[in-house]
Amino acid sequence: MTDVDTIRIAFEESSLTTLKIVIGAILFGIALDTKLSDFSAAVRRPGAIAIGIVAQFLLLPAITFVLTLVLDLRGSVALGLILVACCPPGNVSNILTHRAGGDVALSVSMTAVGNVLAIVLMPLNVAFWGGLHPTGQKVLEDIDLSALDMLVEVGLVIGLPFVAGIAIARLWPRVASVGHRIIGPLSYVALAAIIVIGVANNWDIFVDYISVVLLAVFLHDALALLLGYGIGRATRLPDASVRAMTFEVGIRNAGLGLLLVFTYFDGLGGMALVAAWWGIWDIIAGLTVAILWRRRMGVAA
């Protein structure tokens with residue numbers, strides 16, 4: 001079997017453009033449900049927000065780095081996990097927090113702040129941790145990745161839709177409310193369709209190599225959820241806030257990671273497989289945790 005570091009996942013230019021539009025739509029949908037008061041609420045709860053930011057942008061990438069060393073992963077697989085760990089949360093975390101009976105206000109505030117900070121912190125984190133990795137470093141050198149180029153791309157994909165969505169939410173709240181209910185679900189369905197079509201078009205590669213990333217993604221996702229839960233408990237946050245923290249740290253916007261894989265890494269095999277499978281498994285694991293929490297509360301799932 002060919003080394004996973006040398007394979008490339010086929011992805012047409014038109015499909016990449018579609019993926020950019022879909023990811024932009026997802027961020028636009030998040031912003032339509034974000035109000036300036038969410039940032040004000042974050043200022044009024046600096047402790048909880050700071051805990052979440054440290055967990056998301058410092059602890060999770062660091063733990064991911066250690067995990068890739070412990071598992072002795074190939075360069076592209078290791079970089080895939082690092083990239084996903086550096087991605088911001090999506091509003092799936094808000095949905096799961098609500099379903100689990102968590103602190104939705106905290107979840108929404110953390111999502112808003114996390115996505116804004118990710119514009120700068122995500123490219124820097126990927127360059128830093130990827131550059132430190134013994135096998136990932138070689139892949140980055142071969143690709144000659146520029147953190148500045150990625151910052152510009154992330155700024156365009158996250159920043160512009162986010163600013164536009166918040167502006168609409170501020171000026172036309174009713175339009176934003178209706179738009180969020182339509183754009184949010186449709187954009188996630190579109191992302192799922194893109195992933196399914198991509199897997200179908202590369203089925204032989206997926207079947208041959210999925211076993212390479214299954215254990216790594218399972219452990220990584222579990223660690224991300226446990227980190228959110230553990231740091232919430234360790235800092236003695238209320239139960240509802242712990243649930244929000246679990247999903248804000250554990251749920252990553254792997255779709256954004258997938259976009260960056262095809263934009264800057266030419267569909268590098270291990271990275272693409274990690275991002276695609278992470279996006280699927282993350283929702284399955286998160287939904288399972290939310291349902292179990294809800295049942296513990298005595299509420300029907």
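Residues numbered from 1 in each chain as written. Predicted model: local features only at pLDDT ≥ 70, side-chain atom pairs only at ≥ 80, totals over all residues. Heavy atoms only, no water.

Would you take a moment to explain the overall build of the chain for this structure?
Check the secondary structure of the chain and you find 13 helices and zero strands. Each principal axis of the C-alpha atoms in the chain carries an extent, and together these give about 50 × 40 × 35 Å. Residue burial in the chain is summarised as follows: out of 301 residues, 54% are buried. Across the chain, the fraction of contacts at a sequence separation of at least 24, relative to all contacts at a separation of at least 6, is 86%. Carbon and sulfur atoms form 68% of the exposed surface of the chain, whose accessible area is close to 13,000 Å². Here the chain holds 18 positive side-chain charges and 20 negative ones, and the gap between their average locations is 18 Å. (Helix = DSSP H or I, 4+ residues; strand = E, 2+ residues; numbered from the N terminus. Buried < 20%, exposed > 50% of the residue type's maximum accessible area, 1.4 Å probe, protein only. Contact = heavy atoms within 4.5 Å. Areas by Shrake-Rupley, 256 points an atom, 1.4 Å probe, with all protein chains shown as cover. Lys, Arg positive; Asp, Glu negative; His and termini not counted. Charge placed at Lys NZ, Arg CZ, Asp CG, Glu CD.)

So what exactly am I meant to see when it comes to the packing of helix α4 (residues 75–86) against helix α13 (residues 269–296) here?
A packed helix pair is summarised by two numbers, namely the angle formed by the two axes and the spacing between the axes. The geometry of α4 relative to α13 is characterised by a closest axis approach of 7 Å and an angle of 40° between their N-to-C directions. Taken as axis vectors, α4 and α13 run oblique relative to one another. α13 is crossed by α4, and the crossing has right-handed handedness. Contact with α4, carried on its side by Ser76, Val77, Leu79, Gly80, Leu81, Leu83 and Val84, involves Gly270, Met271, Val274, Ala275 and Trp278 of α13 and no other residues of that element. Within the contact of α4 with α13, the residues separate by chemical class into nine nonpolar, three polar and no charged. (Axes fitted to C-alpha atoms, helices over the stretch in contact; angles between N-to-C directions. Parallel < 35°, antiparallel > 145°, perpendicular 65-115°, else oblique. Left-handed = near helix turned anticlockwise from the far one by under 90°. Nonpolar A, V, L, I, M, F, W, Y, C, P; charged D, E, K, R; others polar.)

Is there a simple way to explain unusual backbone geometry in this structure?
Working note: non-glycine residues mostly have negative phi, and peptide bonds are mostly trans. Phi at Asp72 takes a positive value of approximately 55°, unusual for a residue other than glycine. The backbone of Arg236 shows a phi angle near 60°, a positive value even though the residue is not glycine. Mapped onto the fold, Arg236 is located in the loop between α10 (203–234) and α11 (239–250). What makes Arg236 exposed here is its relative accessible area of 77%.

Explain the pattern of salt bridges here, please?
Opposite charge on two side chains makes pairing possible when the charged atoms of those side chains draw close. In this structure the tally under the stated criterion is one salt bridge. Salt-bridge contacts for Asp239 lead to Arg233; the nearest nitrogen and oxygen are separated by 2.6 Å. In this structure Asp239 comes out as partly exposed when scored by relative accessible area, which is 45%. (Salt bridge = Lys/Arg side-chain N within 4 Å of Asp/Glu carboxyl O.)

When you look at the packing of aromatic side chains in this model, what are you seeing that I'm missing?
Two numbers describe a pair of aromatic rings. These are the distance of the centres and the angle of the planes. On inspection of all chains with the given rule, the structure shows six aromatic pairs. On the numbers, 6.1 Å between centres and 40° between planes, the contact of Tyr229 with Trp293 is tilted. One end of the pair, Tyr229, is in helix α10; the other, Trp293, is in helix α13, and 64 residues separate them in sequence. Taking the relative accessible area as the measure of exposure, Trp293 reaches 10% and is therefore buried. Seen from their ring centres, Phe247 and Trp293 are 5.9 Å apart, and the 75° between their planes marks the pair as edge-to-face. Placement of Phe247 in helix α11 and of Trp293 in helix α13 is noted, with a sequence separation of 46 residues between them. For the residue pair Phe247 and Trp293, the accessibility class agrees, reading buried in each case. Three or more aromatic residues link up through ring pairs in this structure, and these residues are Phe65, Phe128 and Trp129. (Phe/Tyr/Trp six-rings, centres within 6.5 Å; stacked < 30°, edge-to-face > 60°.)

Would you mind showing me how to read the packing of helix α5 (residues 92–99) against α11 here?
The geometry of α5 relative to α11 is characterised by a closest axis approach of 9 Å and an angle of 150° between their N-to-C directions. By the criterion of interaxial angle, the relationship of α5 to α11 is roughly antiparallel. As α5 runs across α11, the sense of the crossing is right-handed. Residue-level inspection shows Ser93, Asn94, Leu96 and Thr97 of α5 in contact with α11, the latter providing Arg243, Ala244, Phe247 and Glu248. Residues of the contact of α5 with α11, tallied by class, amount to three nonpolar, three polar and two charged.

It is not clear to me how a nonpolar patch on the surface should be interpreted in this structure. Could you clarify?
There is a patch of nonpolar side chains on the surface, built from Leu148, Val152, Leu156 and Leu160 and spanning about 410 Å² of accessible area. Mapping Leu148 onto the fold places it in helix α8 (residues 147–171). (Patch = residues over 30% accessible without salt bridge, like charges linked within 9 Å, V, L, I, M, F, W, Y side chains within 5 Å.)

I would appreciate a short explanation of the environment of Asp208 in the present structure.
Within the secondary structure, Asp208 is located in helix α10. Take Asp208: its relative accessible area is 43%, and that puts it in the partly exposed class.

What's the story with the side chain of His180 in this structure? I'm lost.
Mapping His180 onto the fold places it in helix α9 (residues 173–201). At 2.9 Å, the side chain of His180 forms a polar contact with the backbone oxygen of Gly29. (Polar contact = N/O pair within 3.5 Å; in protein donor to acceptor, adjacent residues only side chain to side chain.)

What is the right way to look at helix α12 (residues 254–264) in this model?
An α-helical segment advances 3.6 residues per turn. Residues three or four places apart therefore align on the same side. Burial analysis of α12 places 10 of its 11 residues in the buried class, which makes it a mostly covered element. Positive phi shows up at Asp266, right after α12, with a value of about 55°.

I tried to follow the side chain of Ser93 on my own but got confused; where do I start?
Note on placement: Ser93 falls in helix α5. Judged by relative accessible area, which is 0%, Ser93 ranks as buried. A polar side-chain atom of Ser93 sits 2.6 Å from a polar atom in the side chain of Glu248. Once you skip the residues sitting within four places of it in the chain, Ser93 turns out to touch Ser107, Thr111, Phe247, Glu248 and Ile251.

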